[in-house]
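Listed below are the residues making up each chain.
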Amino acid sequence: LIERFKPDFVILEVQEAGLGTVLSTAPGPSRPAGPSIEAAIDKARSLRPVLASERRELASARKAPGCAVDRVESRGGHLQIAGWISDLRAEAGLGRAAVRLSGPAGDFIQEIAVDRPRPDLRMAFKRPVGEPNGFDARLISTPAPSGSYDMIIYRASSGGWLACPGPKVQIG
């Protein structure tokens with residue numbers, strides 16, 4: 001497959017049947033491969049214009065019963081955001097999530113991972129809430145023109161899309 005498709009990089013996961021634990025750490029990439037891997041990840045996960053089909057799909061999103069954008073930091077060509085979003089039910093949410101930035105300069109979206117555990121939510125709400133609910137994501141903002149944008153975090157749940165309004169952010 002490598003010879004046929006010539007991928008930029010390959011991630012290999014080996015699991016032995018019956019192995020009770022999985023190794024959580026692995027060696028980092030080689031020094032020459034590191035920048036190429038980072039560039040490929042940045043290209044795959046960067047802000048891009050919202051498609052008409054996505055706009056229609058997200059229009060029916062309901063306000064998330066629980067959410068917060070805890071941190072937004074501007075760092076050169078990207079924004080670092082962290083927070084949480086949940087429907088506050090005991091089961092975990094679905095895997096799809098995204099950040100949308102909308103403003104006079106355009107409407108942009110980037111997929112993010114909601115993969116951080118937030119045990120503080122269980123204690124705060126005094127009941128189990130599906131894990132993971134937290135996110136800590138880097139938005140590659142270079143495709144978006146300079147300007148002020150409204151931020152919304154979206155997360156897929158069994159009842160449809162959830163929406164969490166975030167703060168206004170400035171790019172550029």
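Residues numbered from 1 in each chain as written. Predicted model: local features only at pLDDT ≥ 70, side-chain atom pairs only at ≥ 80, totals over all residues. Heavy atoms only, no water.

Focus: the nonpolar core
The test is simple: Throughout, nonpolar core names a set of buried Ala, Val, Leu, Ile, Met, Phe, Trp, Tyr and Cys residues whose side chains join them through atoms within 4.5 Å. Relative accessibility under 20% of the residue-type maximum defines a buried residue, over 50% an exposed one, and the middle range a partly exposed one, all with a 1.4 Å probe and only protein chains included. Only runs of H or I of at least four residues qualify as helices and only runs of E of at least two qualify as strands under DSSP, and these elements are numbered from the N terminus.
Core analysis: the biggest nonpolar cluster contains 22 residues, and I81, I85, V99, L101, I112 and I153 have the highest contact counts within it. Residue assignment for this core shows that the elements contributing at least two residues are β4 (78-86), β5 (97-103), β7 (134-140), β8 (147-157) and β9 (160-171). Examining the composition of this core, we find that four residues originate from one element, β9, more than from any other. One finds V50, L58, I109 and A163 within the second-largest nonpolar core, a separate group that totals eight residues.

Remarks on the pairing of β4
Put simply, the rule is: For two strands to pair, DSSP has to find at least two bridges joining them.
With nine of nine residues buried, β4 lies mostly within the body of the structure. In this structure, strand β3 (residues 66-75) lies alongside β4, joined through nine bridges in antiparallel fashion. For R71, the partnering residue across the bridge sits in β4 and is A82. Here β3 folds back onto β4, and the loop between the two strands holds two residues, one of which, G76, carries a positive phi near 65 degrees. Strand direction decides the pairing type here: β4 and β7, joined by seven bridges, are antiparallel. Note that in β7 the partner of A82 across the bridge is D136.

Details of the pairing of β5
Most of β5 sits inside the fold, with five of its seven residues counted as buried. Relative to β8, β5 runs antiparallel, the two being bridged by six bridges. Counterpart to V99 in the pairing with β8 is I153. Taking the residues that link successive antiparallel strands as the turn, the β5-strand β6 (residues 106-111) hairpin has two residues.

Focus on the pattern of salt bridges
Basically, it comes down to this: Think of a salt bridge as a Lys or Arg side-chain nitrogen and an Asp or Glu carboxyl oxygen that are within 4 Å of each other.
Summed over the entire model, instances satisfying the criterion amount to 10 salt bridges. Put simply, D107 and R100 hold a salt bridge, and the shortest N to O gap is 2.7 Å. Assigned by exposure class, D107 and R100 land together as buried. A network of salt bridges, in which partner residues are shared, links R55, R100 and D107.

Things to note about the side chain of D107
Our working rule: Pairs of N or O atoms are called polar contacts if they sit within 3.5 Å, as long as, within protein, a hydrogen donor faces a hydrogen acceptor (for residues adjacent in sequence, only side-chain-to-side-chain pairs). Here a residue-residue contact requires only that any non-hydrogen atoms of the pair lie within 4.5 Å.
Inspection of the secondary structure assignment puts D107 in strand β6. Its relative accessible area of 16% is what places D107 among the buried residues. Polar side-chain contacts of D107 include one of 2.7 Å to the side chain of R100. Excluding anything up to four places from it in sequence, D107 contacts R48, P49, V50, R55, R100, L101 and S102.

Describing the packing of aromatic side chains
The condition that has to hold: Ring pairs are drawn from Phe, Tyr and Trp, using the six-membered ring of Trp, whenever the two centres fall within 6.5 Å, and their geometry is named by plane angle: stacked under 30 degrees, edge-to-face over 60, tilted for the rest.
Applying the stated criterion across every chain yields a total of one aromatic pair. Ring plane angle 75 degrees and centroid distance 6.1 Å describe the contact between F108 and Y149, whose orientation is recorded as edge-to-face. Of the two residues, F108 is situated in strand β6 and Y149 in strand β8; the sequence distance between them amounts to 41 residues. For the pair formed by F108 and Y149, the shared burial category is buried.

Describing the sheet that holds β7
Short version of the rule: Working convention: axes come from line fits to C-alpha atoms, limited for helices to the stretch in contact. Angles between N-to-C directions cover 0 to 180 degrees.
Strand order in the open sheet formed by three strands is β3-β4-β7, with antiparallel pairing between adjacent strands. The sheet is open, and its two borders are formed by β3 and β7, each paired with just one other strand. Strand-to-strand, the axes of this sheet are offset by a mean angle of 20 degrees, without reference to chain direction.

Some words on the state of the cysteines
So the rule is basically this: Disulfide assignment relies on a single distance test, namely cysteine sulfur atoms paired within 2.5 Å.
The tally for this structure, following the rule as stated, stands at one disulfide. Shown here is the disulfide that connects C67 with C164, its sulfur atoms set 2.3 Å apart. Linking C67 and C164, the disulfide has an S-S dihedral of approximately 90 degrees and is accordingly described as right-handed. Taken together, the residues span a long stretch of sequence, with C67 in strand β3 and C164 in strand β9 at a distance of 97 residues.

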